[in-house]
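Okay, here's what each chain looks like letter by letter:
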Amino acid sequence: MDFLLEYEMDKILFLHDETDFFNEKYKVLHVAPEQSLRERFLKLKNLDYTTADMESPIADVKCDVQQMPFPNNCFDFVFCNQQISLQKMEKVVTGFFYI
């Protein structure tokens, strides 16, 4: 599947135009991955790409966003496009950039 929704295309365009995401080596975590973005990111040889979700069958790691099984500061990019309540977000992220 190579179909992108408008909001997914906006993210791809931002990454392409404003970052070196498609050229440099990065370790990436994608929480609650969208199938179309997952397929696209898996094709990129420069990424060490991991997906995580509590329920998604396409996630590499099954986990709660509040109890991630990863060490601190181990990812260069974290994508979480799904809505998370503010209370949960405060426990998960101390600083983030919204696209």
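Going by the structure above, here's the rest.
Residues numbered from 1 in each chain as written. Predicted model: local features only at pLDDT ≥ 70, side-chain atom pairs only at ≥ 80, totals over all residues. Heavy atoms only, no water.

**Some details on the overall build of the chain**
Across its full length, the chain holds three helices and four strands. In sequence order, the secondary structure elements of the chain are arranged as α-β-α-β-β-β-α. By the burial criterion, 36% of the 99 residues in the chain qualify as buried. About 7000 Å² of surface is accessible on the chain, with carbon and sulfur atoms providing 51% of the total. (Helix = DSSP H or I, 4+ residues; strand = E, 2+ residues; numbered from the N terminus. Buried < 20%, exposed > 50% of the residue type's maximum accessible area, 1.4 Å probe, protein only. Areas by Shrake-Rupley, 256 points an atom, 1.4 Å probe, with all protein chains shown as cover.)

**A look at unusual backbone geometry**
Positive phi is not limited to glycine here, since Ala32 has a value of about 50°. Among the structural elements, Ala32 can be located in the loop between β1 (26-31) and α2 (35-42). For Ala32, a relative accessible area of 13% gives the class buried. Backbone geometry places Asn73, a non-glycine residue, at a positive phi of 60°. Relative to the helices and strands, Asn73 is located in the loop between β3 (61-62) and β4 (77-80).

**With respect to the side chain of Asp53**
Mapped onto the fold, Asp53 is located in strand β2 (residues 47-53). Lys62 provides the closest opposite charge to the buried, salt-bridge-free Asp53, at an N-O distance of 6.7 Å. At 2.7 Å, the side chain of Asp53 and the backbone nitrogen of Glu55 are in polar contact. Once residues lying within four places of it in the same chain are set aside, the contact partners of Asp53 are Ala32, Pro33, Ala59, Val61, Lys62 and Cys63. (Lys, Arg positive; Asp, Glu negative; His and termini not counted. Salt bridge = Lys/Arg side-chain N within 4 Å of Asp/Glu carboxyl O. Polar contact = N/O pair within 3.5 Å; in protein donor to acceptor, adjacent residues only side chain to side chain. Contact = heavy atoms within 4.5 Å.)

**Description of the packing of aromatic side chains**
In the structure shown here, the tally under the stated rule is nine aromatic pairs. With a centroid separation of 5.3 Å and 65° between ring planes, the pair formed by Phe21 and Phe41 is classed as edge-to-face. Separated by 20 residues along the polypeptide, Phe21 in the loop between α1 (6-18) and β1 and Phe41 in helix α2 bring together distant segments of the chain. Phe41 carries the same exposure label as Phe21, and that label is buried. Here Phe70 and Phe75 contribute two aromatic rings whose centre-to-centre distance is 5.1 Å and whose plane-to-plane angle is 90°, an arrangement assigned as edge-to-face. Looking at Phe70, the relative accessible area reads 23%, which means it is partly exposed. Classification of Phe75 as buried rests on a relative accessible area of 17%. Taken together, Phe21, Phe22, Tyr26, Phe41, Tyr49, Phe77 and Phe79 form an aromatic cluster joined through their ring pairs. The ring of Phe75 has Lys27 lying over it, and the distance from NZ or CZ to the ring centre is 5.4 Å. (Phe/Tyr/Trp six-rings, centres within 6.5 Å; stacked < 30°, edge-to-face > 60°. Lys NZ or Arg CZ within 6 Å of the ring centre and 35° of its normal.)

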